[in-house]
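# A look at the structure
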Amino acid sequence: MEPFKATTIIAVRRDGKTAMAGDGQVTFGENTIIKHRAKKIRKLYNNSVLVGFAGAAADAFTLFQRFEGKLEEFHGHLERAAVELVKEWRTDRAIRNLEALIIAADAEKILLISGSGDIIEPDQDVIAIGSGGGYALAAAKALLAYSGLPAAEIAREALGIAAGICVYTNDQIYVVELTSEKEAAGDGVDS
């Protein structure tokens, strides 16, 4: 799977909270930045699922719509909606060639979803995609292991580190966070 040269998205889960961060850069071709503050993360299904994308924007928006429909159809069940999206993505002639990667996360799981049929749940509570994904992932893993920062701050800091290295990632960082029902009810782990 070749990384997309247009963005960096990272998802981190810690202490009952899931955060996703994305940079704001939109690149046209190999050498032109056409937007600095794009928001590439959306909340879906009653604000209980975060979805971020790397790849062609029009393709990603089409996939957001399809995925939102699958979440509605399967009552917010993240894995089931992901499986059905991937099956459709691979077999429907209208969307078969869409070029994007998606990270989808709820309060309990983080998934990477691709058009080649991959649905990957990472071993650790962190995953990143896009051109700066490797840098952000390494930074986030270190922050998870050696700091007490909450999920949202780890995502923000990791993306900031990636922005300092990757020319396709900027420092206009947008962070969105979900809280598990247990945490919202006060039954979660204090951070």
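I will try to describe carefully the structure that is included in this document. (Residues numbered from 1 in each chain as written. Predicted model: local features only at pLDDT ≥ 70, side-chain atom pairs only at ≥ 80, totals over all residues. Heavy atoms only, no water.)

Right, let's get into the sheet that holds strand S2 (residues 17-22). Read across the sheet, four strands follow the order S10-S1-S2-S11 without closing on themselves; strand pairing throughout is antiparallel. Looking at the sheet topology across the chains shown, the edges are occupied by strand S10 (126-130) and strand S11 (174-179). If you compare each strand with its neighbour and ignore which way they point, the axes differ by 10 degrees on average. Running at roughly 150 degrees to strand S1 (residues 8-14), helix H4 (residues 151-163) makes contact with S1, S2 and S11 of the sheet. (Pairing = 2+ DSSP bridges. Helix = DSSP H or I, 4+ residues; strand = E, 2+ residues; numbered from the N terminus. Axes fitted to C-alpha atoms, helices over the stretch in contact; angles between N-to-C directions. Contact = heavy atoms within 4.5 Å.)

Our next topic: the packing of helix H1 (residues 57-73) against helix H2 (residues 78-91). With their axes 9 Å apart at the nearest point, H1 and H2 run at an angle of 130 degrees to one another. Between H1 and H2, the crossing angle belongs to the class labelled oblique. When the axes of H1 and H2 are compared, the crossing they make is right-handed. Contact residues: H1 offers Leu63, Arg66, Phe67, Lys70 and Leu71, while H2 offers Leu78, Ala81, Ala82, Glu84, Leu85, Glu88 and Trp89. Classifying every residue of the contact of H1 with H2 by side-chain character gives eight nonpolar, no polar and four charged. (Parallel < 35°, antiparallel > 145°, perpendicular 65-115°, else oblique. Left-handed = near helix turned anticlockwise from the far one by under 90°. Nonpolar A, V, L, I, M, F, W, Y, C, P; charged D, E, K, R; others polar.)

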